[in-house]
Structures are given as C-alpha cells and as structure tokens.
Amino acid sequence: MLLCPPNDAHDVVEPLAPPEGATPGQRIVVPEDDVPEPKSANQVAKKKIWEGVQPFFKTNDECVATFDGTALAVDGVEGNVACKSLTGASIS
C-alpha cells in the first residue's frame, strides 16, 4: 500500500518515506502500541479496517506521519516515517 498525504487543495501529493536503513517488507508501527499480527488482504477488505482508522493518520508540523498523534516508525529502525514538505495533512 502506498500512503500519501495531499495538501488542502489536493494538487500536491507526496509519498511517505521510511527512515534511512529501512528495507522493503519491514512493518510500519506505532511504537507505543503492541504490534499485532497483520491481517490478510481478505480480512482487510471484508472488515473495512482502513476506512475505520484512516481519519487518525496525519502528518505533524515536522512532516512526520502520525497515528492519533504518535509518530509512525519502522520496526527495528531508528527514525520516523515522513514526507518532504506537507504538514497537518490527512494521510490516505
């Protein structure tokens, strides 16, 4: 899944990037939460999980992706998931 925050006018969209040192396939996590096992694609589609949690994903004043105000990280890698320049943007 590619996550991108747009600006308010939706004419600029930037992909989120993992911190340096992350490799494809590593999981993005909310560090303070217990990390559950990922759902299968079929479970996600049936239960509409993304639709329920998406409103809580935003970028902060430092362009860092957050979930309910907590910065997103890659499991086992120092640093945060971020975009280049969009602040206060909803991530979709």
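For the structure itself, look to the data block above.
Residues numbered from 1 in each chain as written. Predicted model: local features only at pLDDT ≥ 70, side-chain atom pairs only at ≥ 80, totals over all residues. Heavy atoms only, no water.

Novice: Go over the sheet that holds strand E4 (residues 70-71) with me, naming the residues and quoting the values.
Specialist: Strand order in this open sheet of three strands is E2-E3-E4, and the pairing throughout is antiparallel. The open sheet has two edge strands, strand E2 (57-59) and E4, and neither has a second partner. Pairing geometry for E2 and strand E3 (residues 65-67), over three bridges, is antiparallel. Within E3, the position partnered with Thr59 by the bridge is Ala65. (Pairing = 2+ DSSP bridges. Helix = DSSP H or I, 4+ residues; strand = E, 2+ residues; numbered from the N terminus.)

Novice: Which residues make up the side chain of Thr66, and what values go with them?
Specialist: Relative to the elements of secondary structure, Thr66 occurs in strand E3. Aside from chain neighbours lying at most four places away, what touches Thr66 is Phe56, Phe57, Lys58, Asn60, Ala71, Leu72 and Ile91. (Contact = heavy atoms within 4.5 Å.)

Novice: Before we move on, can you summarise unusual backbone geometry with the specific residues and values?
Specialist: Of all residues except glycine, most have a negative phi; of all peptide bonds, most are trans. The phi dihedral of His10 is positive, around 60°, even though this residue is not glycine. In this structure, His10 sits in the segment before strand E1 (28-29). A relative accessible area of 58% places His10 in the exposed class. Positive phi values are uncommon outside glycine, yet Cys63 reaches one of about 70°. Within the fold, Cys63 resides in the loop between E2 and E3. (Buried < 20%, exposed > 50% of the residue type's maximum accessible area, 1.4 Å probe, protein only.)

Novice: For the packing of aromatic side chains, give the residues involved together with the corresponding values.
Specialist: Summed over all chains, the structure comprises three aromatic pairs. Residues Phe57 and Phe67 carry aromatic rings whose centres are separated by 4.9 Å and whose planes lie at 55° to one another, so their mutual orientation is tilted. With a gap of 10 residues between them, Phe57 in strand E2 and Phe67 in strand E3 connect regions that are remote in the sequence. On the accessibility criterion, Phe57 (12% relative accessible area) is buried. (Phe/Tyr/Trp six-rings, centres within 6.5 Å; stacked < 30°, edge-to-face > 60°.)

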